[in-house]
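The residues making up each chain are set out below.
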Amino acid sequence: MFSKEEIAQRIAKEIKDGYYVNLGIGIPTLVANYIPKGINVVLQSENGLLGMGPFPFEGEEDADLINAGKQTITTLPGSSIFDSAMSFGMIRAQKVDLTILGAMEVSENGDIANWKIPGKMVKGMGGAMDLVASAKNIIVAMQHVNKAGESKLLPKCTLPLTGVKCIKKIVTELAVLDILPEGGFKLLERAPGVSVDFIQQATAGRLIVEGEIPEMRLD
Amino acid sequence: MINKVVSGAEEAIKDISDGVTIMLGGFGLCGIPENCINALVNKQVKNLTCISNNAGVDDFGIGLMLKQRQVKKMISSYVGENAEFERQLLSGELEVDLIPQGTLATRCLAAGYGMPAIFTPAGVGTEVAEGKEVRNFDGKDYLMEYAFDADFAIVKAWKGDTAGNLIFRSTSRNFNPVMAMAGKITIAEVEELVEAGELDPDYIHTPGIYVHRIFQGKDYEKRIEQRTVRKSEV
């Protein structure tokens, strides 16, 4: 079973040279730590920055320079700053190559829910609805099951939706899966030591298993 | 050159009265108009509709206005950092319109560009789409979202001049330029106010035509929400 860091590490393998990438809050933020050496990637932060750098050294924090998670960060050579409308303009116009975000639920037809639990948690969608509605390539980083052991990969989402038919790839602590255009979670890889049966048990939506399923590799 | 300078936050907000709609710039606590928020708290105006990406934290920013129940309705994209907000929302004391962040920004932009509405795919098929006109362009659905109609916009800039021209610093720019364009009356508080002519016209982010009142703010706290650092290299 993969840790959050290992999920992030696996997702990082999907990032290609020359990509502009938007990372959501949570596990997706960790992906920045594992971007393969030797490739050039520009991180977009939707509060208005391209070229997000690492956290500042202690004592060098700048209250005016934060990421979308409100963390203090730095810029890099080649960074640019812009307003919120332009930030979502470049997202809507599909200039951003890859979006990585978290989810509470994903359905077998690619719907995603990650912003609201009615009567319980009302934080808002932030930029998530804009991102999922426009991004050409979205990878969801999520836990396969909730704390009660119930599957979060469902036939149909039970929570209010963030976007419809927009998710194509999911990486969890158990597996890497594609969502097929005609619907269904196609199992691509399993976490080391995790059996296909175990993944089947943890997947409430339709799981498609074809042939031998290799173990995920992080190198 | 038309002089836009007022004495301070109190004078700048003097005609903000109960029941008006106010836009407030900033993302989280970054780039918020601290001086004007404090002045609104002191003035105790009520029944406000506030358009702002976030709602501050419990004891800073718009959170201070929420605590005093000055806000009737909040229009935001993300309010997760404010426990009092969540409490008022879940108990039904506060009316809240949660809208996608890009939609929020672009509805400001539309107002500043004189366009009545925009079309965006954000929220199609979700509860955000309820009651909204859907139009299909090239096989993809879009929601029609109206330009905002705000009585006042209050923004924070780094530098400004007496003509109302503004320059923002780093990611404290965020919603400030688009909100500055969108208010019927726009108030700008700046860290440094200079004479017209001292800022290079090529480097102005917001032209003074959009700004009606400007003043040099004071005592900026610039609170950091998530102080994240790395170890110094030895």
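All figures in this text were calculated on a predicted structure; none of them were measured in a lab.

1. Overview of the overall build of chain B
Logical step 1: Along the backbone of chain B there are six helices and eleven strands.
Logical step 2: In terms of overall size, chain B behaves like a compact globule, its C-alpha atoms giving a radius of gyration of 18 Å where 234 residues would be expected to give roughly 17 Å.
Logical step 3: Across its three principal directions, the C-alpha atoms of chain B cover 55 × 50 × 40 Å.
Logical step 4: When each of the 234 residues of chain B is scored for burial, the buried share is 56%.
Logical step 5: If you take every contact in chain B between residues at least 6 apart in sequence, the share linking residues at least 24 apart comes to 72%.
Logical step 6: When the accessible area of chain B is evaluated, it comes to approximately 10000 Å², of which 47% is carbon and sulfur surface.
Logical step 7: In chain B, 25 side chains carry a positive charge and 33 a negative one; their mean positions are 2 Å apart.

2. Some words on the sheet that holds strand E7 (residues 140-146) of chain B
Residues and elements named next belong to chain B.
Logical step 1: Reading across the sheet, the three strands line up as E5-E7-E6 and stay open at both edges, with antiparallel pairing between neighbours. Lying at the two open borders of the sheet, with one neighbouring strand each, are strand E5 (117-120) and strand E6 (134-137). Across the sheet, the axes of successive neighbouring strands diverge by a mean angle of 35 degrees, strand direction being ignored.
Logical step 2: Examined bridge by bridge, E5 and E7 share four bridges and lie antiparallel to one another. Residue Phe 119 lies in a different strand from E7, and its bridge partner there is Met 144.

3. Digging into the packing of aromatic side chains
Residue and element names in this part refer to chain B.
Logical step 1: What the rule picks out here adds up to two aromatic pairs over all chains.
Logical step 2: Ring centres of Phe 119 and Phe 137 lie 5.2 Å apart, and the angle between their planes is 70 degrees; this geometry places the pair in the edge-to-face category. Of this pair, Phe 119 sits in strand E5 while Phe 137 is found in strand E6, placing the two residues 18 residues apart along the sequence.
Logical step 3: Overall, the relative accessible area of 30% leaves Phe 119 in the partly exposed class.
Logical step 4: Judged by relative accessible area, Phe 137 falls into the partly exposed class, the value being 34%.
Logical step 5: A centroid spacing of 5.6 Å and a plane angle of 75 degrees characterise the contact between Phe 137 and Tyr 142, whose relative ring orientation is edge-to-face.
Logical step 6: A network of ring pairs unites the aromatic residues Phe 119, Phe 137 and Tyr 142 as a single cluster.
Logical step 7: Here the basic side chain of Lys 159 rests over the ring of Trp 158, its NZ or CZ set 4.6 Å away from the ring centre.

4. Points about the nonpolar core
Logical step 1: Counting residues in hydrophobic clusters, the biggest one holds 49 residues, and the most contacted among them are A:Ile100, A:Val106, A:Ile112, A:Val140, A:Ile167 and A:Ile170.
Logical step 2: In this structure, A:Val106 is in contact with A:Asp111, A:Ile112, A:Val140, A:Met142, A:Lys152, A:Leu153, A:Leu154, A:Cys157, A:Ile167, A:Ile170, A:Ile179 and A:Phe185, ignoring residues within four places of it in sequence.
Logical step 3: Judged by nonpolar contacts, the second largest core, of 43 residues, contains B:Val20, B:Ile32, B:Val45 and B:Leu89.

5. Observations regarding the interface of chain A and chain B
Interfaces are frequently sized by the accessible area removed from exposure as the parts join.
Logical step 1: Contacts between the two partners involve 48 residues from chain A and, on the opposite side, 52 residues from chain B.
Logical step 2: A combined buried area of about 4200 Å² lies between chain A and chain B, and 58% of that area is made up of carbon and sulfur atoms.
Logical step 3: Looking only at chain A, the three residues that lose the most surface to chain B are A:Phe57, A:Asp64 and A:Lys70, adding up to 19% of its buried area.
Logical step 4: The closest approach of N and O atoms between B:Glu86 and A:Lys123, which form a salt bridge, is 3.9 Å.
Logical step 5: Where chain A touches chain B, the interface holds 28 residue pairs in polar contact (both at pLDDT 80 or more).
Logical step 6: Contributing elements (two or more residues each) for the side of chain A that touches chain B: helix H3 (84-92), strand E9 (121-122) and helix H4 (128-134) of chain A.
Logical step 7: Here the residues of the side of chain A that touches chain B sort into 22 nonpolar, 14 polar and twelve charged.

6. Considerations on the sheet that holds strand E6 (residues 105-107) of chain A
Residues and elements named next belong to chain A.
Logical step 1: The strand order across the open sheet formed by three strands is E7-E6-E11, and the pairing between neighbours is mixed. Either end of the sheet is taken by a strand with one partner, and the two such strands are strand E7 (112-113) and strand E11 (153-154).
Logical step 2: When E6 meets E7, the two strands line up antiparallel, connected through two bridges. From the neighbouring strand, Glu 105 faces E7, where its bridge partner is Ala 113.

Analysis parameters
- Along each chain, numbering runs from 1 in the same order as the chain's sequence is written.
- The order in which chains are written sets their letters, starting at A; the order in which ligands are written sets their numbers, starting at 1.
- A pLDDT threshold of at least 70 governs which residues receive local features in this predicted model, and a stricter bar of 80 or more applies before side-chain atom pairs are shown or counted, although totals over entire chains, interfaces and linings include all residues.
- Excluded from the side-chain calculations are hydrogens and water; all other atoms, namely the structure's heavy atoms, are used.
- A run of DSSP states H or I qualifies as a helix once it reaches four residues; a run of E qualifies as a strand once it reaches two. Both are numbered from the N-terminal end.
- Radius of gyration here is computed from C-alpha atoms only, and the compact-globule reference equals 2.2 Å multiplied by the residue count raised to the power 0.38.
- Each residue is placed in one exposure class: buried if its accessible area under a 1.4 Å probe, protein chains only, is under 20% of its type's maximum, exposed if it is over 50%, and partly exposed if it falls in between.
- Contact criterion: two residues are considered in contact whenever any of their non-hydrogen atoms come within 4.5 Å of each other.
- Each accessible area is a Shrake-Rupley estimate made with a 1.4 Å probe; only the visible protein chains count as cover when residues are assessed.
- In summary, the charge assignment counts Lys and Arg as positive and Asp and Glu as negative, without counting His or the chain termini.
- Where a charge sits is defined by one atom per residue type, namely NZ (Lys), CZ (Arg), CG (Asp) or CD (Glu).
- Here, strands pair whenever DSSP counts at least two bridges between them.
- Axes here refer to lines fitted to C-alpha atoms; in helices the fit is confined to the stretch in contact. Angles between the N-to-C directions go from 0 to 180 degrees.
- Pairing of aromatic side chains here covers Phe, Tyr and the six-membered ring of Trp, requires ring centres within 6.5 Å, and sorts the geometry by plane angle: under 30 degrees stacked, over 60 edge-to-face, intermediate tilted.
- The criterion is that NZ of a Lys, or CZ of an Arg, lies within 6 Å of the ring centre and within 35 degrees of the ring normal, and then a charge sits over that ring.
- Nonpolar cores are built from buried Ala, Val, Leu, Ile, Met, Phe, Trp, Tyr and Cys residues. Side-chain atoms within 4.5 Å join them into one set.
- Buried surface area refers to the total accessible area, computed with a probe of radius 1.4 Å, that the two partners give up upon joining, counted for both partners together.
- The working definition used for a salt bridge is a side-chain nitrogen of Lys or Arg within 4 Å of a carboxyl oxygen of Asp or Glu.
- We call two N or O atoms a polar contact when they sit within 3.5 Å, provided that within protein one can donate a hydrogen and the other can accept it, with sequence-adjacent residues counted only if both atoms are side-chain atoms.
- Note on residue categories: nonpolar means Ala, Val, Leu, Ile, Met, Phe, Trp, Tyr, Cys or Pro, charged means Asp, Glu, Lys or Arg, and polar means any other residue, Gly included.

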